Amino acid sequence: MINTMYKLLTLSLLSLTLAFFSMTSQGQEKEHVVLIETNMGNLKAKLYNDTPLHRDNFIRLAKSGHYNGTLFYRVVKNFVVQGGSSDSRNAISGQAIGYGKGVTIDAEIKPHHYHKKGALAAPRQPDRVNVFKESDIAQFYFVVGKKYSPEELDRIEKSINVPIMKAIQKKYYTPEKKAMLDTLRAQKKVPEFRAIAEKIKSDIAFEWANNTEKLYMDDEKRKAYTTIGGVHHLDKEYTVFGELIEGFDVLDKIAALSTDKQDRPFKDVRIISVKIIE
């Protein structure tokens, strides 16, 4: 009996240990690295594991050779370098590019992935025709952006957050509530005054804490935007699914190219191949 219980206990502990290591392994899954070879140099990027739809789709397209021969056809100063559209392959000078098959992939927008310089993200159609912010199935862009000063970031935060806070305050601190508090103050009814005032304060704090539209830049994001730069207003709007780890000099060379009125470089930037190297 004792031997049987010992065996059962040993098996249970072994199962728990295996489950733990399995979870740990999944949590620390190695990120895939891709090499984008172009006629202006190579770009090496890693793909995030917490955007699996975009990661797996990019890998599938790369392995199928979809990107081979396509162009970085859109270059916007201090903004992005965009490519991967199938209609850019063998496109003649002046041809409109970027109007592919209209196939999309579900958004995977994560608050901790943001548009710092080198961010790898997916373009999409605007909200008026794409309410769920679904990404283009094949196109991608690298962020170039610009550097922000700390004061600029402060102003950006305030410009977004102050109107949100004012709207929340107006919702709970209504003229009726103000009149009620004024009356209680005049009557010196302290407990009643405090109860209503605290309820208003609590409601405002709760809605503010749960508001998803407010802008908060932590120290890491602020450091990135002030040192290497980026494009802050794209955050929470487009799926960022990776980042450049080598080839920033190549990105800068592409970003510096002269372009036509459609933002297409006069010199074609051709993707020779995209390889999964890790």
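First, a word on scope: everything that follows refers to the structure included in this document. Keep in mind it's a predicted model, so treat the numbers as computed, not measured.

Each value, and the rule that gives it
Residues numbered from 1 in each chain as written. Predicted model: local features only at pLDDT ≥ 70, side-chain atom pairs only at ≥ 80, totals over all residues. Heavy atoms only, no water. Helix = DSSP H or I, 4+ residues; strand = E, 2+ residues; numbered from the N terminus. Polar contact = N/O pair within 3.5 Å; in protein donor to acceptor, adjacent residues only side chain to side chain. 1 Å grid on protein atoms, 1.4 Å probe; cavity = no way out; pocket = protein on both sides within 12 Å on 5 of 7 lines; lining within 4 Å. Points joined across faces, edges and corners; volume = space filled by probe spheres on them. Nonpolar A, V, L, I, M, F, W, Y, C, P; charged D, E, K, R; others polar. Salt bridge = Lys/Arg side-chain N within 4 Å of Asp/Glu carboxyl O. Pairing = 2+ DSSP bridges. Contact = heavy atoms within 4.5 Å. Axes fitted to C-alpha atoms, helices over the stretch in contact; angles between N-to-C directions. Phe/Tyr/Trp six-rings, centres within 6.5 Å; stacked < 30°, edge-to-face > 60°. Buried < 20%, exposed > 50% of the residue type's maximum accessible area, 1.4 Å probe, protein only. Lys NZ or Arg CZ within 6 Å of the ring centre and 35° of its normal.

Once that is clear, we can look at the environment of His 112. Counting through the fold element by element, His 112 comes out in the loop between strand E5 (104-105) and strand E6 (119-121). Sequence-wise, His 112 and Glu 220 are 108 residues apart; in three dimensions their C-alpha atoms are separated by 9.9 Å. Within the structure, His 112 has its side chain in polar contact with the side chain of Asp 50 (distance 2.7 Å).

Moving on to the layout of surface pockets. Quantified by volume, the largest pocket comes out at close to 710 Å³. For the largest pocket, the lining is made up of 30 residues, of which Tyr 73, Gln 82, Gly 98, Arg 124 and Gln 125 are closest to its centre. Elements represented by at least two residues in the lining of the largest pocket include exactly strand E4 (80-83) and strand E7 (135-136). Considering only residue class, the lining of the largest pocket consists of 13 nonpolar, 11 polar and 6 charged. What lines the second largest pocket is simply Lys 133, Ile 160, Thr 212, Glu 213, Leu 215, His 232, His 233, Asp 235, Lys 236 and Glu 237. Among the residues forming the lining of the second largest pocket, the class breakdown is 2 nonpolar, 3 polar and 5 charged.

What follows covers empty space enclosed by the protein. One pass over the full model with this rule turns up 1 cavity of 30 Å³ or more. Estimated volume of the largest cavity: approximately 70 Å³. Contributing to the lining of the largest cavity are His 54, Asn 57, Phe 58, Tyr 67, Ile 105, Ala 122, Asp 136, Ile 137, Ala 138, Gln 139 and Phe 241. Top contributing element to the lining of the largest cavity by residue count: helix H2 (residues 52-64), with 3 residues. For the lining of the largest cavity, the residue count by class is 7 nonpolar, 3 polar and 1 charged.

Under the defined criterion, the tally for this structure stands at 22 salt bridges. Note that Asp 182 and Arg 185 form a salt bridge whose closest N and O atoms lie 2.8 Å from each other. Of the two residues, Asp 182 and Arg 185 are both situated in helix H4 (residues 175-186); the distance of 3 residues between them amounts to about one turn of the helix. One network of salt bridges, in which partners are shared, links Arg 124, Asp 127, Lys 133 and Glu 237.

Within a beta sheet, neighbouring strands are joined by backbone hydrogen bonds and run either parallel or antiparallel to one another. An order of E3-E4-E8-E6-E9-E2-E1-E10 is seen for the 8 strands of this open sheet, with the pairing classed as antiparallel. Here the strands that pair on one side only, and so sit at the sheet edges, are strand E3 (74-75) and strand E10 (271-276). Two strands pair when backbone bridges link them, and strand E2 (residues 41-47) and strand E9 (residues 240-246) are joined in this way by 4 bridges, in the antiparallel orientation. Each residue of the ladder has a partner; that of Lys 44, found in E9, is Glu 246. Seen against the sheet, H2 touches strand E1 (32-38), E2, strand E8 (140-143), E9 and E10 and runs at an angle of roughly 125° to E10.

Applying the stated criterion to the full structure yields 9 aromatic pairs. A ring pair is formed by Tyr 67 and Phe 140, whose centres lie 5.4 Å apart and whose planes are at 85°; its orientation type is edge-to-face. Here Phe 140 lies in strand E8 and Tyr 67 lies in the loop between H2 and E3, a separation of 73 residues in the sequence. Judged by its relative accessible area of 1%, Tyr 67 falls in the buried class. Site record: aromatic cluster; members linked through ring pairs are Phe 58, Tyr 67, Phe 72, Phe 140, Phe 142 and Phe 241. In this arrangement the basic side chain of Lys 214 is found over the ring face of Trp 208, its NZ or CZ atom lying 5.5 Å from the centre.

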